[in-house]
Amino acid sequence: MSLEIYLDLFSQPCRSVYIFAKKNDIQFDYKKISLFEGYQYSEEYGKINLLRKAPAIKDGDFYLAESVTSCSVAIMLYLTEKFHTPDHWYPADLQKRARVNEYLSWQHSTIRPHGSKMMWFKLLIPKAFGTEIPKEKMDNAVEDLNSSLNLFEEKFLQDRPFIVGDQISLADLVAIVEIMQPVGAGMDVFENRPKLKAWKDRVRAEIGAELFDEAHQAIFYAQEAVKTMDPEKIEHFKPKILRYFLS
Amino acid sequence: MAGRQAVKAYLDLLSQPCRAVLIFLKHNKIPHTLELVALRKGQHKTPEFSKLNPMQKVPVLDDNGFVLTESDAILKYLATTYNVPDHWYPKLPEKRARVDEYTAWHHVNTRMHAATVFLQEVIFPNMGQPTNPAKFKKALTDLDGTLDMLENMFLKRKPFLCGDDISLADLLAVCELMQNSFDCLFQPMCSGRDVLKDRPKLLSWRSRVQSALSDSFDEAHSVVYQIRQKFTAKL
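Residues numbered from 1 in each chain as written. Chains lettered and ligands numbered in written order. Predicted model: local features only at pLDDT ≥ 70, side-chain atom pairs only at ≥ 80, totals over all residues. Heavy atoms only, no water.

Hey, could you run me through the overall build of chain A in this one?
Summing up its helical and strand segments, chain A has 12 helices and 4 strands in all. The buried share among the 247 residues of chain A stands at 56%. Expressed as a percentage of contacts within chain A between residues at least 6 apart in sequence, the contacts between residues at least 24 apart total 70%. Within the structure as shown, chain A displays about 10,700 Å² of accessible surface, and the carbon and sulfur contribution to it stands at 48%. (Helix = DSSP H or I, 4+ residues; strand = E, 2+ residues; numbered from the N terminus. Buried < 20%, exposed > 50% of the residue type's maximum accessible area, 1.4 Å probe, protein only. Contact = heavy atoms within 4.5 Å. Areas by Shrake-Rupley, 256 points an atom, 1.4 Å probe, with all protein chains shown as cover.)

In this structure, what is going on with the overall build of chain B? I would like to understand it.
From N to C terminus, chain B includes 9 helices and 4 strands. Reading the secondary structure of chain B in the N-to-C direction produces β-α-β-α-β-β-α-α-α-α-α-α-α. Here chain B holds 235 residues, and 54% of them are scored as buried. The contacts of chain B with a sequence gap of at least 6 include a subset with a gap of at least 24, amounting to 68%. As presented, chain B carries roughly 10,800 Å² of accessible surface, and 52% of it is formed by carbon and sulfur atoms.

What am I meant to see in the UniProt feature "domain: GST N-terminal" (unreviewed entry) in chain B here?
When the UniProt feature table is mapped onto this chain, "domain: GST N-terminal" (unreviewed entry) is found at residues 5–86 of chain B. Helix makes up 35% of residues 5–86 of chain B and strand makes up 22%, while its end C-alpha atoms are separated by 23 Å. (UniProt positions renumbered as here; feature names shortened; annotations may be inferred.)

Help me understand the packing of helix H4 (residues 93–126) of chain B against helix H5 (residues 133–155) of chain B, please; the structure alone is not making it clear to me.
Packed helices, taken two at a time, are described by the angle between their axes plus the distance between the axes. Residues and elements named next belong to chain B. One way to put it is that H4 packs onto H5 with a least axis distance of 9 Å and a crossing angle of 145 degrees. Seen along the crossing, H4 lies across H5 with a hand that is left-handed. Note on element contacts: H5 touches H4 through Lys 135, Phe 136, Ala 139, Leu 140, Asp 142, Leu 143, Thr 146, Met 149, Leu 150, Met 153 and Phe 154, opposite Glu 101, Tyr 102, Trp 105, Asn 109, Thr 110, His 113, Ala 114, Thr 116, Val 117, Gln 120 and Glu 121. (Axes fitted to C-alpha atoms, helices over the stretch in contact; angles between N-to-C directions. Left-handed = near helix turned anticlockwise from the far one by under 90°.)

Help me understand the pairing of strand S2 (residues 32–36) of chain B in this model?
Regular strands place their side chains on alternate faces of the sheet. Residue and element names in this part refer to chain B. Pairing analysis gives 5 bridges linking strand S1 (residues 7–11) to S2, with the strands arranged parallel. Bridging from a neighbouring strand, Tyr 10 pairs with Glu 35 of S2. Between S1 and its parallel partner S2, the chain crosses via helix H1 (residues 16–27), and the hand of that crossover is right-handed. (Pairing = 2+ DSSP bridges. Right-handed = clockwise from strand over helix to strand, strands pointing away.)

Explain the interface of chain B and chain A here, please?
Interfaces are often sized by the accessible area lost when the parts come together. Each side of the interface is counted separately: chain B has 34 residues, and chain A has 31 residues. For the pair chain B and chain A, the summed buried area comes to about 2,900 Å², and 63% of that belongs to carbon and sulfur atoms. Ranking the residues of chain B by area buried against chain A places Met 55, Phe 66 and Glu 94 of chain B at the top, with a combined share of 18%. Two residues, Glu 94 of chain B and Lys 82 of chain A, come together in a salt bridge whose shortest N-O distance is 3.2 Å. On inspection of chain B and its partner chain A, the count reaches 8 residue pairs in polar contact (both at pLDDT 80 or more). Looking at the side of chain B that touches chain A, the elements that each hand over two or more residues are strand S4 (66–69), helix H3 (71–81), H4 and H5 of chain B. When the residues that make up the side of chain B that touches chain A are grouped by side-chain class, the tally is 15 nonpolar, 8 polar and 11 charged. (Buried area = accessible area lost by both parts, 1.4 Å probe. Salt bridge = Lys/Arg side-chain N within 4 Å of Asp/Glu carboxyl O. Polar contact = N/O pair within 3.5 Å; in protein donor to acceptor, adjacent residues only side chain to side chain. Nonpolar A, V, L, I, M, F, W, Y, C, P; charged D, E, K, R; others polar.)

Would you take a moment to explain the UniProt feature "domain: GST C-terminal" (unreviewed entry) in chain A for this structure?
According to UniProt, the positions carrying the feature "domain: GST C-terminal" (unreviewed entry) are residues 93–237 of chain A. Helix makes up 70% of residues 93–237 of chain A and strand makes up 0%, while its end C-alpha atoms are separated by 43 Å.

I would appreciate a short explanation of the packing of aromatic side chains in the present structure.
Each aromatic ring pair is described using two quantities: the centre-to-centre distance and the angle formed by the ring planes. In the structure shown here, the tally under the stated rule is 15 aromatic pairs over all chains. Seen from their ring centres, Phe 152 of chain A and Trp 199 of chain A are 5.0 Å apart, and the 65 degrees between their planes marks the pair as edge-to-face. Taken together, the residues span a long stretch of sequence, with Phe 152 of chain A in helix H6 (residues 135–157) and Trp 199 of chain A in helix H8 (residues 194–207) at a distance of 47 residues. As far as burial versus exposure is concerned, Phe 152 of chain A and Trp 199 of chain A are alike and both buried. Seen from their ring centres, Phe 24 of chain B and Trp 88 of chain B are 5.3 Å apart, and the 85 degrees between their planes marks the pair as edge-to-face. Separated by 64 residues along the polypeptide, Phe 24 of chain B in helix H1 and Trp 88 of chain B in the loop between H3 and H4 bring together distant segments of the chain. One exposure class covers both Phe 24 of chain B and Trp 88 of chain B, and it is buried. Over the ring of Phe 190 of chain A we find Lys 200 of chain A; its NZ or CZ atom is 4.9 Å from the centre of that ring. (Phe/Tyr/Trp six-rings, centres within 6.5 Å; stacked < 30°, edge-to-face > 60°. Lys NZ or Arg CZ within 6 Å of the ring centre and 35° of its normal.)

Mind showing me how you'd approach the pairing of strand S1 (residues 3–7) of chain A here?
Residue and element names in this part refer to chain A. Judged by how many residues are buried, S1 sits mostly within the fold: 5 of 5 residues are covered. Along S1, one buried face is formed by Leu 3, Ile 5 and Leu 7 and the opposite face, lined by Glu 4 and Tyr 6, is buried too. Pairing of S1 with strand S2 (residues 29–32) involves 4 bridges; the strand directions are parallel. Looking at S2, one finds that Ile 5 is bridged to Tyr 30.

Is there a simple way to explain the nonpolar core in this structure?
A general tendency of soluble globular proteins is for nonpolar side chains to be buried together. Formed by 150 residues in total, the largest nonpolar core has its most connected members in Phe 152 and Trp 199 of chain A together with Phe 24, Leu 161 and Trp 205 of chain B. Sequence-distant contacts of Phe 24 of chain B, that is, excluding residues within four places in its chain, are made with Ile 30, Leu 75, Leu 78, Ala 79, Val 84, Trp 88, Leu 168 and Leu 171 of chain B. (Core = buried A, V, L, I, M, F, W, Y, C linked by side-chain atoms within 4.5 Å.)

Just to check I follow, could you spell out the environment of Glu 206 of chain A for this structure?
Residue and element names in this part refer to chain A. With respect to the helices and strands, the residue Glu 206 is situated in helix H8. In this structure, the C-alpha to C-alpha distance between Glu 206 and Lys 23, residues 183 residues apart in sequence, is 9.6 Å. If we ignore the near neighbours within four places in the chain, the residues touching Glu 206 are Lys 23, Phe 162 and Ile 168.

Pasting the structure below:
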């Protein structure tokens, strides 16, 4: 198999790539990695991906990866071209395509970091440091996420079934995996947001409930997994946590 | 494209992504009109502008009723809609993927850290807003890390970020890493800081990009200069 994809399904961008590849019957060698085990720091992985993040792909001699703080965008765009996936994922119509790009661009500094933060604040940081996040910090983080979700509903969804129109696209896929992340931390983002919930149900149906749920296993069991996790495992994340979140 | 009307670009030339859009429009001779939005005067928060863009941000592109935000989406749209040279946003999937890879990474790396440094060092003090020294120090360190990545991962043995030719990636990056020359036209909003000072590899990359864009850089500069003339003439 010439296409290898390196994934850890705990990570949102990995989930979108996984769902996309499976949904479009793209044949690939699924290389499971565990970011918590620190595999990304191994010499082997360094050859695949200098950024030492996931997801990453190796298509013959072509390597492609992005920082986990960005997302899986370039990889999926590459796959749409290479494997000629159905048009609705990344429409040939330039204005529709621009709408997809617009969402993919906007979400980098909004939904993505705000959603991710919840997992860290509610589960991983308390586990790593044995302390809770101060209330004010937590409230601000929740507020940021809520503002982003409001903008998402008002600007990107509006009255449409999907972000770009009548059909699902990469924008919806990237959006859903990010919005599901805080759910894993025990936060019900769909509560009091019927529009968002309806959209989520639509997206899950389009992807296929089985594939969607399979990809989100790690999320559904996140609280459980973190509870039983050996704190030593996240030891190596401590300096990063301090820099990114607690400074 | 015959009879196609000019696009309208809503820009604040103090904003780096706005400059990238302006330079691209000029360099590729894409018919356009400019609507200047002064962020420092709060013009992005007016009811009319909010109607155009509820996000209250610039740049915004209006292509005959099709309104688009986000600089990288705008640049990609322009590159694919107009007949621009392929190297800006190559059609070949592997080459295009490299540009997409950079533009995705750019948001929370080059842009985020360079913008924070600029805000803390130049904008906030000039607008009488409180600064955060700890945040500034952290942003400088983060920016340093980003510059390491630019050199070691993207540039490596290539003349431009995504290959042998200039692309949208270089345009977006260079606007964040200019020597604040545009901002110096709005004296005293100038820090004099050149973050590329001790990095010969990045300095030569920047010169290369500037040469490739020389005319359009000057044109964009002249627009800024004209604004300044009007501004100082009023005093």
